[in-house]
Amino acid sequence: MRIVIALGGNALLKRGEPLTSANQRMNVRTACEQIAKIYPGNQLVITHGNGPQVGLMALQSNAYKEVPMYPLDVLGAESVGMIGYMIQQELANFVPKEASLTTVLTQTEVDPKDPAFQNPSKPVGPVYTKGEADAVAAEKGWTMAKDNDKYRRVVPSPLPTRIFGLKPLKTLIEHDYILICAGGGGIPTYYDETGRLCGAEAVIDKDLATALLAASVEADLLVIATDIDGVYLDWGTENQRLMRTANAGEIEKIGFADGSMGPKVQAAVNFARTTGKTAVIGALRDIEAIVQGQAGTAVSTGFDGIDCGSSAAAD
């Protein structure tokens, strides 16, 4: 089975955790140990977020005043190279030595006229208190927004429209490489009015880009791995219930927060509608059970309504 796995931000850095290399490597090692459990007999494609990392790199770049700060697309490329290296190296320690792994810097096309460029919404970098956020915004001219009980910098997040370089990506998958690509949603790029390919000052949502990638490489299953066991109805109340299966159209109607489960649900819906196959949102620790159809919230156009009682069955 060809499986595309989207690693959530908590697989790399937990909320509020110091943005150190050691912490990232420790979390990546834990994630890779889980992913390796489903390697035998399956073709694996791994994507990941980069919000905390690219935000940290922006702070570091801004601190050096001798040159202008590097643009977000370049910082994004640096971050996915770093994260891809860590995933590739740590995963190699858990799969058979003869397995082939590779990381590909992936460009993702966006529309330069996307309204998102005028409405920054994607959180990047570390979390701040209100006072810290106000000071950073005043000093650097950045847009800050509330993120649960903290604040973070927000940047434009245009919709992904196309994954570049599909032919080499498919070739690597067909030759059974474990492929790490489209990190951070891919590096945002667009064609200007002269037809020149350019980088965009933005960060693409990882889950939406992963759904597009999964459909483009004809994946059999999309797994959106996070730190909770699935999608809940009435989350945070005494009536909260885990959805086991959900019709794509029905779960889309519910409306989830953009800063948390919203993009994950929309990505699952997009993949299910485009391919007629199943996407599952669930905890990385449950990945074996997810692949076996026994854990997570499965989203498909083939399910009737929303079921909070039965186990999910992956196509």
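Residues numbered from 1 in each chain as written. Predicted model: local features only at pLDDT ≥ 70, side-chain atom pairs only at ≥ 80, totals over all residues. Heavy atoms only, no water.

- Per an unreviewed UniProt entry, the protein goes by Carbamate kinase and derives from Neisseria weixii.
- One UniProt comment on the protein, placed under Sequence similarities (unreviewed entry), says "Belongs to the carbamate kinase family." (UniProt positions renumbered as here; feature names shortened; annotations may be inferred.)

### Describing the packing of aromatic side chains
Right, on to step 1. A full pass over the atoms with the stated rule returns two aromatic pairs.
Right, on to step 2. Looking at Lys130, its charged tip hangs above the ring of Tyr151, at a distance of 5.9 Å from the centre.
Right, on to step 3. A cation over a ring is seen here: Lys140 above Trp142, with NZ or CZ 5.7 Å from the ring centre. (Phe/Tyr/Trp six-rings, centres within 6.5 Å; stacked < 30°, edge-to-face > 60°. Lys NZ or Arg CZ within 6 Å of the ring centre and 35° of its normal.)

### With respect to unusual backbone geometry
Right, on to step 1. With a phi angle near 65°, Asp176 is a residue other than glycine that sits in the positive phi range.
Right, on to step 2. With respect to the secondary-structure elements, Asp176 resides in the loop between helix 5 (166–174) and strand 9 (178–181).
Right, on to step 3. At Ala182, a residue that is not glycine, the phi angle is positive and equals roughly 50°.
Right, on to step 4. Note on placement: Ala182 falls in the loop between strand 9 and strand 10 (187–191).
Right, on to step 5. We classify Ala182 as buried; its relative accessible area is 0%. (Helix = DSSP H or I, 4+ residues; strand = E, 2+ residues; numbered from the N terminus. Buried < 20%, exposed > 50% of the residue type's maximum accessible area, 1.4 Å probe, protein only.)

### Here's the deal with the packing of helix 1 (residues 21–35) against helix 3 (residues 72–92)
Right, on to step 1. Remark: helix 1 packs on helix 3, axes separated minimally by 9 Å, with the N-to-C direction vectors making an angle of 50°. Taken as axis vectors, helix 1 and helix 3 run oblique relative to one another. Of the two possible hands of crossing, helix 1 and helix 3 adopt the one that is right-handed. In this structure, helix 1 contributes Ser21, Gln24, Arg25, Val28, Arg29, Cys32 and Ile35 to the contact, and helix 3 contributes Met82, Ile83, Tyr85, Met86, Ile87, Gln89, Glu90 and Leu91.
Right, on to step 2. The residue inventory of the contact of helix 1 with helix 3, partitioned by class, reads nine nonpolar, three polar and three charged. (Axes fitted to C-alpha atoms, helices over the stretch in contact; angles between N-to-C directions. Parallel < 35°, antiparallel > 145°, perpendicular 65-115°, else oblique. Left-handed = near helix turned anticlockwise from the far one by under 90°. Contact = heavy atoms within 4.5 Å. Nonpolar A, V, L, I, M, F, W, Y, C, P; charged D, E, K, R; others polar.)

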